[in-house]
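Summary of the model geometry
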Amino acid sequence: MNVTILGSAAAEGWPGLFCECATCREAKRLGGRNIRRRTAYCLDGNLLVDFGPDAYWQSIEFGIDLLKVDDILFTHSHADHLNPLELSWRRRGYSSVVRSLNVHGNAHVLARIRQETGTSDESLHLAMHEIRPGQTVPVGAWTVTALEAQHASPEEDALNYVLERDGKALLIGHDTGWWPDHTWELASRFRLDLAILECTYGVLNPEARSHHLGVAATVAFRDELRRRGVLKDSCRVVANHFSHNGGANHDALCAWFAPHGIEVGYDGMALEL
Ligand SMILES: [Zn+2]
Ligand SMILES: [Zn+2]
Ligand SMILES: [Zn+2]
């Protein structure tokens, strides 16, 4: 099983659209891993997590054949994770597609897709599946459990996901602050091989843990998972979903996290389970 990080930025990308801050100027000068598209993942070539405004560029850059994708799992409806317009190109006249695509998300995600594509699920060949916090459902070859994140409330239930397959398990944990108690309790049943956590606030707001996490809060989050026995000894922990407002470029983030044994995500990072 493999996971490819297709994007590693928060909402406005990095460098941020129209941003002139020193961190964005530096990213443009350095390039490489400092260029971050909006956060998304591809698992085994046929399952996507989120489909945001960089989906087209990501599919070309990282060789994702969208015709082989069976399922898209959405974390929440924020614009960096969901771009309904791109799904509308599945309709007749714009695409020759006849193959059904399963879309999984909270009620808010499904409503936005229906509203903004302006056409029926059938004409887009979409099969919509609502998923609620605490539910465990089959998604392709995976068993997926939705965890309630601490993010985007009260408008919607943003979701983190544990995906299990063939004795392996991974956590997709971006766009959350410090979990509510019931999420910690639910997560405690798992034994992870890979944990992808978030770090939107970076080094400039290290202890922040409301709706997103700073670097110190990301370490504390990992420590709490470990204290609860959720991480296998061999579990890799990767920080992802970074904002330029966090103030540290890729190498600086690596230097900060290295003593804590946490890897820093970047676009194109391939992770094997
Ligand atoms: Zn986000
Ligand atoms: Zn900036
Ligand atoms: Zn969000």
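From a predicted model like this one, the values you see are computed outputs, not experimental measurements. (Residues numbered from 1 in each chain as written. Chains lettered and ligands numbered in written order. Predicted model: local features only at pLDDT ≥ 70, side-chain atom pairs only at ≥ 80, totals over all residues.)

1. A few points about the overall build of the protein
Per the secondary structure count, the protein includes 7 helices and 14 strands. Its C-alpha atoms give the protein a radius of gyration of 18 Å, near enough to 19 Å, the size a compact globule of 273 residues would have. Dimensions along the principal axes, computed over C-alpha positions, put the protein at roughly 50 × 45 × 35 Å. Within the protein, the fraction of its 273 residues that count as buried is 48%. Long-range contacts, defined as pairs at least 24 residues apart, comprise 69% of the intrachain contacts of the protein with a sequence gap of at least 6. (Helix = DSSP H or I, 4+ residues; strand = E, 2+ residues; numbered from the N terminus. Rg over C-alpha atoms; globule rule 2.2 N^0.38 Å. Buried ≥ 20, exposed ≤ 12 C-beta atoms within 10 Å, placed from the backbone. Contact = placed C-beta atoms within 7 Å.)

2. Things to note about helix α1 (residues 22–30)
Along α1, the positions that sit buried rather than exposed are Thr23, Cys24 and Ala27. With its buried residues spanning 100° around the axis, α1 presents them on a single face. Looking at α1, the residues exposed on the side facing more than 90 degrees away from the buried face are Ala22, Lys28 and Arg29. Where α1 terminates, the next one or two residues include Gly31, which has phi positive at roughly 65°. (Arc of directions from axis to C-beta.)

3. Quick word on unusual backbone geometry
Cis geometry is found at the peptide bond from Trp14 to Pro15, where omega equals 5°. Counting through the fold element by element, Pro15 comes out in the loop between β1 (2–7) and α1. Cis geometry marks the peptide bond from Ser153 to Pro154; its omega dihedral reads 5°. Checked against the element boundaries, Pro154 lands in the loop between β8 (142–148) and β9 (159–165). At Asp44, a residue that is not glycine, the phi angle is positive and equals roughly 55°. If you trace the backbone, Asp44 turns up in the loop between β2 (40–43) and β3 (47–49). Unlike most non-glycine residues, His211 shows phi in positive territory, near 70°. Along the polypeptide, His211 turns up in the loop between β11 (192–198) and α6 (215–227). According to the C-beta neighbour criterion, His211 is partly exposed, with 17 such atoms within 10 Å.

4. Quick word on the sheet that holds β11
The sheet built from 7 strands is open, its strands ordered β7-β8-β9-β10-β11-β12-β13 with mixed pairing. Looking at which strands have only one partner, the edges of the open sheet turn out to be β7 (136–139) and β13 (263–264). Pairing of strand β10 (residues 168–173) with β11, which is carried by 4 bridges, proceeds in the parallel orientation. Bridge pairing in β11 places Gly173 opposite Leu197. Set on the sheet, α6 makes contact with β11 and β12 (231–240); between it and β11 the angle comes to about 155°. (Pairing = 2+ DSSP bridges. Axes fitted to C-alpha atoms, helices over the stretch in contact; angles between N-to-C directions.)

5. Quick word on the pairing of β9
Within a regular strand, the side chains alternate between the two sheet faces. Most of β9 sits inside the fold, with 5 of its 7 residues counted as buried. Relative to β9, β8 is paired through 6 bridges, and the arrangement is antiparallel. Across the sheet, Glu148 pairs through a bridge with Leu159, a residue of β9. Of the pairings in the sheet, the one linking β9 to β10 comprises 5 bridges and is antiparallel in character. Bridge assignment links Arg165 to a residue of β10, and that residue is Lys168. If you look at the hairpin formed by β9 and β10, you'll find 2 residues sitting between the two strands, and Asp166 has a positive phi there, around 50°.

6. Some details on the sheet that holds β3
Overall, mixed pairing links the 7 strands, which are arranged β6-β5-β4-β3-β2-β1-β14 in an open sheet. Two strands close off the open sheet at either side, each with one partner strand: β6 (126–130) and β14 (270–272). Within this sheet the neighbouring strands show an average axis-to-axis angle of 20°, counted without direction. As judged from the 3 bridges shared by strand β4 (residues 71–73) and strand β5 (residues 101–105), these two strands associate in the parallel manner. The residue of β5 that forms the bridge with Ile72 is Val103.

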